[in-house]
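# Architecture and fold: a report
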Amino acid sequence: MVVVHNGIVENFLELKDELTSEGIVFNSDTDTETIVHLAENHKASGAGFEEAARRTFNQIEGANVVLLMSIEEPDKIIAARIGNAGGVVLGIGENENYLASDIPAILEHTRKVIFLESRQMAVVTRDGIRIETLDGQVVQPEIHTISFDAVSAEKGEYRHFMQKEIHEQVRALTDTLAGRIDFKEGRIRLPELKLTPELAKRIQRIYITACGTAAYAGMVGKYLIEKIARIPVEVVIGSEFRYSDPIVDENTVVLAISQSGETADTLAAMEEGRRKGGILWSIVNAIGSQAMRIADGYIAMQTGPEIGVASTKAFTAPLVDQYMLAILLANMRGAIDEKTRRELVADLRLVPDLAGRVMDTEAEIEKVAHTLKDIRGCLYLGRGINMPIAYEGALKLKEISYIHAEGYPAGEMKHGPIALIDEEMPVLCLAPKDPWHEKMISQIQQAKARGGTVIAVATEGDELVKGMADHVLWIPEAPWMLSPVVTVLPLQMLAYHIATIRGLDVDQPRNLAKSVTVE
Ligand code: M6R
């Protein structure tokens with residue numbers, strides 16, 4: 001038997017004890033080895049390959065994806081998805097079929113795919129794919145046709161996927177708006193969300209749940225939905241949601257944000273929302289992923305595949321998605337008048353161009369990156385709607401450059417972290433022309449007074465910031481509620497260049513996986 005395994009067999013010690021007591025000798029301490037012995041044991045007791053595989057899958061507890069091959073039937077692969085483990089994509093080809101954990105891996109061969117559901121197994125041969133539940137019921141799978149092509153999963157002229165994906169944001173943001181905005185009437189269309197005026201009016205609370213970068217996007221969404229639609233929003237990170245006994249009822253929305261749609265903690269949060277009878281929504285990039293399938297309604301990010309481990313375009317797209325969602329909710333609930341709605345919608349038109357203008361500043365950002373390449377730490381400060389951008393900027397730097405970085409609400413500095421600032425601790429201040437601009441100016445003054453090097457993200461023409469900061473990353477003037485879409489871009493590029501100057505593998509940083517499909 002040969003096994004491919006993603007996940008953790010939670011009851012492996014128990015299973016291993018049973019197998020050991022039957023005289024089976026283990027060669028490793030891994031839980032994965034248990035799977036092979038289980039399957040071989042079932043075969044030895046007379047089961048055929050498929051039956052042995054099924055019995056094995058039924059014994060495994062926890063979130064796991066398992067693929068099995070047998071030396072006796074080398075033309076067959078049996079795959080199972082047990083619990084809310086990462087995805088299994090089955091690709092349908094001509095006289096050939098594929099198994100992968102994500103769509104981009106097989107795009108160059110086929111666009112016809114089937115997604116394996118939890119507690120299903122697939123028997124895959126060159127000629128066919130048969131899907132059954134782990135109880136043996138045959139399943140008629142839905143076949144999806146994926147629209148993005150292999151070209152968008154290649155690096156093209158860029159050195160790294162991350163750099164390509166940063167630049168793709170101009171196109172991704174255009175696609176995010178395409179077909180969803182009626183600029184003439186000032187209206188938003190998000191049909192997959194299945195939102196009706198009746199539903200919009202009865203919503204009393206929204207929980208946004210997500211992990212990492214997606215959670216920071218959710219924090220911006222909280223500002224937008226509360227400001228525009230006047231609905232209370234709480235952001236709870238995916239790994240905490242189910243343990244926080246959230247107050248969910250039929251008038252509560254649980255909105256999950258996820259690039260992969262397969263993040264185990266985000267899916268577990270969605271399950272908790274379902275268990276408590278809430279309305280389940282998701283904003284997801286990977287078409288057909290679990291977070292999309294189990295939601296009552298969803299918004300598909302229009303970014304195409306994101307390959308770099310550091311999320312970039314799957315951060316800015318949901319910012320715009322949540323802005324549109326906020327307008328839609330506000331309109332249906334009567335929280336905004338027509339003039340405001342039209343103005344908010346009109347501002348969306350500016351977004352792709354604003355992003356494109358930041359891309360043009362990359363050479364300047366690279367110069368700043370050279371001056372910062374040897375720093376040992378960095379504080380990222382922001383306020384208001386740009387406060388989550390401080391968290392996101394710091395996460396980008398730490399995950400790909402391995403430099404410690406901390407995102408902090410600027411107003412909290414005097415309650416402790418200001419003690420960290422000296423000549424060795426640069427401070428990155430998000431100071432665009434937004435309602436918190438003056439406060440950020442005073443923050444820059446305080447950092448300078450303590451000898452810190454200040455790197456500011458500021459709006460073109462801001463002479464005040466220019467006169468105070470050591471380096472300025474310029475952005476064009478943007479409507480403040482959309483400013484996070486713009487302010488984050490120089491931070492993505494800064495992190496990218498610092499990491500590449502340090503000679504690091506930005507697309508596959510150490511210790512990280514693109515999708516965290518286990519707890
Ligand atoms: O696929 P998801 O959006 O659910 O992933 C969530 C996080 O794992 C992800 O954003 C992670 O924090 C990235 N490495 C950030 O760049």
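Given the structure is predicted, the values throughout are model-derived calculations rather than measurements. (Residues numbered from 1 in each chain as written. Predicted model: local features only at pLDDT ≥ 70, side-chain atom pairs only at ≥ 80, totals over all residues. Heavy atoms only, no water.)

### Comments concerning the sheet that holds strand β19 (residues 404-409)
Reading across the sheet, the five strands line up as β19-β18-β20-β21-β22 and stay open at both edges, with parallel pairing between neighbours. Single-partner strands in this sheet number two, and they are β19 and β22 (471-475). Averaged over all pairs of adjacent strands, the angle between strand axes in this sheet comes to 20 degrees, irrespective of strand direction. When strand β18 (residues 377-382) meets strand β20 (residues 427-431), the two strands line up parallel, connected through three bridges. Among the inter-strand pairings, Y380 is bridged to a residue of β20, identified as L428. Along the sheet, helix α16 (residues 437-449) makes contact with β18, β20 and β21 (454-459), crossing β20 at roughly 160 degrees. (Pairing = 2+ DSSP bridges. Helix = DSSP H or I, 4+ residues; strand = E, 2+ residues; numbered from the N terminus. Axes fitted to C-alpha atoms, helices over the stretch in contact; angles between N-to-C directions. Contact = heavy atoms within 4.5 Å.)

### Quick look at the side chain of R242
With respect to the secondary-structure elements, R242 resides in the loop between α8 (238-241) and β15 (252-258). Looking at R242, its side chain comes within polar contact range of the side chain of Y243, at 3.4 Å. (Polar contact = N/O pair within 3.5 Å; in protein donor to acceptor, adjacent residues only side chain to side chain.)

### So, the site of the ligand
Taken together, 13 residues lie around the ligand, and S258, Q259, S260, T263 and E399 are the ones closest in. S260 places a polar side-chain atom, nitrogen or oxygen, 2.7 Å from an oxygen atom of the ligand. At 3.2 Å from a nitrogen atom of the ligand is found a main-chain nitrogen or oxygen belonging to V309. Protein chains shield 91% of the accessible area of the ligand, which is 410 Å² for the free molecule. Taken together, the elements giving at least two residues each to the shell around the ligand come down to α7 (212-229) and α15 (387-401). In terms of residue count, the dominant contributor to the shell around the ligand is α7 (three residues). (Near = heavy atom within 4 Å. Areas by Shrake-Rupley, 256 points an atom, 1.4 Å probe, with all protein chains shown as cover.)

### So, the side chain of E399
Within the element layout of this structure, E399 appears in helix α15. There is a polar contact of 3.3 Å between the side chain of E399 and the side chain of K396. Apart from the residues within four sequence positions on either side, E399 is in contact with V309, A310, S311, P509 and L512.

### What about the sheet that holds strand β5 (residues 97-100)?
The sheet built from four strands is open, its strands ordered β5-β4-β6-β10 with antiparallel pairing. The sheet is open, and its two edges are formed by β5 and β10 (144-145), each paired on a single side. Relative to β10, strand β6 (residues 112-115) is paired through two bridges, and the arrangement is antiparallel. Across the sheet, residue V113 finds its bridge partner in β10, namely H144.

### Comments concerning the nonpolar core
Counting residues in each nonpolar core, the largest one holds 93 residues, and the members touching the most others are I206, I225, W281, L329, Y380 and L494. The residues that make up this core include at least three from each of domain 2 (161-356) and domain 3 (361-501). When near neighbours in sequence (up to four residues on either side) are disregarded, I225 contacts I206, I208, R230, I231, V233, Q322, L325, A326 and L329. (Core = buried A, V, L, I, M, F, W, Y, C linked by side-chain atoms within 4.5 Å. Buried < 20%, exposed > 50% of the residue type's maximum accessible area, 1.4 Å probe, protein only. Domains from an automatic or database assignment.)

### Concerning the packing of helix α11 (residues 313-333) against helix α12 (residues 338-348)
Orientation of α11 relative to α12, taken along the N-to-C sense of each, is 165 degrees, at an axis distance of 11 Å. As the angle between them shows, α11 and α12 are arranged roughly antiparallel. You can see that α11 and α12 cross each other, and the crossing is left-handed. Across the interface between the two elements, V320, Y323, M324, I327 and N331 from α11 touch R341, L344, V345, D347 and L348 from α12. Split into classes, the residues belonging to the contact of α11 with α12 amount to seven nonpolar, one polar and two charged. (Parallel < 35°, antiparallel > 145°, perpendicular 65-115°, else oblique. Left-handed = near helix turned anticlockwise from the far one by under 90°. Nonpolar A, V, L, I, M, F, W, Y, C, P; charged D, E, K, R; others polar.)

### Here's the deal with the packing of aromatic side chains
Both the distance between ring centres and the angle between the ring planes are used here to describe each pair of aromatic rings. Tallied over the entire structure, the rule returns four aromatic pairs. Ring centres 5.5 Å apart and planes at 40 degrees place the aromatic pair Y216 and Y391 in the tilted group. Of this pair, Y216 sits in helix α7 while Y391 sits in helix α15; the two residues are 175 residues apart in sequence, bridging distant segments of the chain. Here Y223 and W436 contribute two aromatic rings whose centre-to-centre distance is 6.1 Å and whose plane-to-plane angle is 85 degrees, an arrangement assigned as edge-to-face. With Y223 in helix α7 and W436 in the loop between β20 and α16, this pair connects stretches of sequence that are 213 residues apart. Through pairs of rings, three or more aromatic residues link up here, namely Y223, W436 and W480. The ring centre of F26 lies 4.9 Å from the NZ or CZ of K16, which sits over that ring. Above the plane of the ring of F183 lies R349, whose end atom (NZ or CZ) is 4.4 Å from the centre. (Phe/Tyr/Trp six-rings, centres within 6.5 Å; stacked < 30°, edge-to-face > 60°. Lys NZ or Arg CZ within 6 Å of the ring centre and 35° of its normal.)

### What to know about the domain arrangement of the protein
Each assigned domain of the protein is listed with its residue range as follows: domain 1 (2-150), domain 2 (161-356) and domain 3 (361-501). Placing the centre of domain 1 and that of domain 3 at their C-alpha centroids yields a distance of 46 Å.

### A few points about the pattern of salt bridges
Tallied over the full model, the rule gives 33 salt bridges. K43 is paired through a salt bridge with E72; the nearest N and O atoms lie 2.3 Å apart. Here K43, found in helix α2 (residues 31-44), pairs with E72, found in the loop between β2 (64-70) and β3 (73-82); they are 29 residues apart in sequence, far enough to count as distant. Notably, a salt bridge pairs D175 with R171, separated by 2.6 Å at the nearest N-O pair. Taken together, the residues D175 and R171, both in helix α5 (residues 169-177) and four residues apart, mark about one turn of the helix. (Salt bridge = Lys/Arg side-chain N within 4 Å of Asp/Glu carboxyl O.)

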